[in-house]
Amino acid sequence: MAAEPLSQKEIEDRLAELPGWSLDDGRLTRSYRLDSHFAAAALVVHVARIQDELNHHAEITLGYDTVGLAVSTHSAGGAITDLDIALARRVRDAAPAHGAR
Ligand SMILES: C[C@H](O)[C@H](O)[C@H]1CNC2=NC(N)=NC(=O)C2=N1
């Protein structure tokens, strides 16, 4: 079944449990800072594994000590759906072990 677009209120309710995540230009976004470039790259690899498990993929930007994520659901016309929320929750739970903040 195709994922349904979330309403603004549903997005806001879910964002309340996703510290640092926000809605930016219609995409769910978060930027993390890490202790080194290698730590940032390791987070990218970890997120890539999560994304393949979920079959849902964000645009990822690797900087010197930063990782930027931006996601929406292409198959829902670029809307925010629970697939985006599920990915953000998995990343939220995985990031602290990398020292991401
Ligand atoms: C065929 C495959 O299921 C789709 O292309 C998946 C892959 N990853 C995806 N990622 C995102 N962000 N949106 C999608 O609609 C999507 N669809």
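Rules and cut-offs
- Residues numbered from 1 in each chain as written.
- Predicted model: local features only at pLDDT ≥ 70, side-chain atom pairs only at ≥ 80, totals over all residues.
- Heavy atoms only, no water.
- UniProt positions renumbered as here; feature names shortened; annotations may be inferred.
- Pairing = 2+ DSSP bridges.
- Helix = DSSP H or I, 4+ residues; strand = E, 2+ residues; numbered from the N terminus.
- Axes fitted to C-alpha atoms, helices over the stretch in contact; angles between N-to-C directions.
- Contact = heavy atoms within 4.5 Å.
- Buried < 20%, exposed > 50% of the residue type's maximum accessible area, 1.4 Å probe, protein only.
- Near = heavy atom within 4 Å.
- Polar contact = N/O pair within 3.5 Å; in protein donor to acceptor, adjacent residues only side chain to side chain.
- Areas by Shrake-Rupley, 256 points an atom, 1.4 Å probe, with all protein chains shown as cover.
- Expected span 1.5 Å × (residues − 1).

- Named according to an unreviewed UniProt entry, the chain is Putative pterin-4-alpha-carbinolamine dehydratase originating from Streptomyces antibioticus.
- Regarding the chain, the UniProt comment filed under Sequence similarities (unreviewed entry) reads as follows: "Belongs to the pterin-4-alpha-carbinolamine dehydratase family."
- Database annotation for the chain, UniProt heading Catalytic activity (unreviewed entry): "(4aS,6R)-4a-hydroxy-L-erythro-5,6,7,8-tetrahydrobiopterin = (6R)-L-erythro-6,7-dihydrobiopterin + H2O".

**Considerations on the sheet that holds strand β2 (residues 27-33)**
Link 1 in the chain: The strand order across the open sheet built from four strands is β1-β2-β4-β3, with neighbouring strands paired in antiparallel fashion. The open sheet is flanked by β1 (22-24) and β3 (59-62), the only strands paired with a single partner. The mean inter-strand angle of the sheet, taken between neighbouring strand axes irrespective of direction, is 30°.
Link 2 in the chain: With three bridges joining them, β1 and β2 adopt antiparallel strand pairing. If you follow aspartate 24 over to β2, its bridge partner there is arginine 27.
Link 3 in the chain: Along the sheet, helix α2 (residues 37-54) contacts β2, β3 and β4 (66-71); its crossing angle with β3, the most-contacted strand, is approximately 165°.
Link 4 in the chain: Packed on one face of the sheet, helix α3 (residues 82-94) meets β2 and β4 and runs near 10° to β2.

**Side note on unusual backbone geometry**
Link 1 in the chain: In this structure, aspartate 25 takes a positive phi of about 50° despite not being glycine.
Link 2 in the chain: We classify aspartate 25 as exposed; its relative accessible area is 83%.
Link 3 in the chain: One non-glycine residue with positive phi stands out, namely asparagine 55, at about 50°.
Link 4 in the chain: Structurally, asparagine 55 can be placed in the loop between α2 and β3.
Link 5 in the chain: A relative accessible area of 63% means that asparagine 55 is categorised as exposed.

**A short note on the site of the ligand**
Link 1 in the chain: Around the ligand sit Asn55, His56, His57, Val71, Ser72, Thr73, His74 and Ser75, and that is every residue in its neighbourhood.
Link 2 in the chain: In this structure, asparagine 55 approaches the ligand through a side-chain N or O atom, which is 2.7 Å from an oxygen atom.
Link 3 in the chain: Backbone polar atom of serine 72 to a nitrogen atom of the ligand: 2.8 Å apart, as the coordinates give it.
Link 4 in the chain: Protein contact buries 61% of the 390 Å² of open area that the ligand shows by itself.

**Brief notes about α3**
Link 1 in the chain: Here α3 spans 18 Å end to end across 13 residues, near enough to the 18 Å set by a 1.5 Å rise per residue.
Link 2 in the chain: Three or more residues of α3 are buried, namely Asp84, Ile85, Leu87, Ala88, Val91 and Ala94.
Link 3 in the chain: The inward-facing, buried residues of α3 contact α1 (8-15), β2, α2 and β4.

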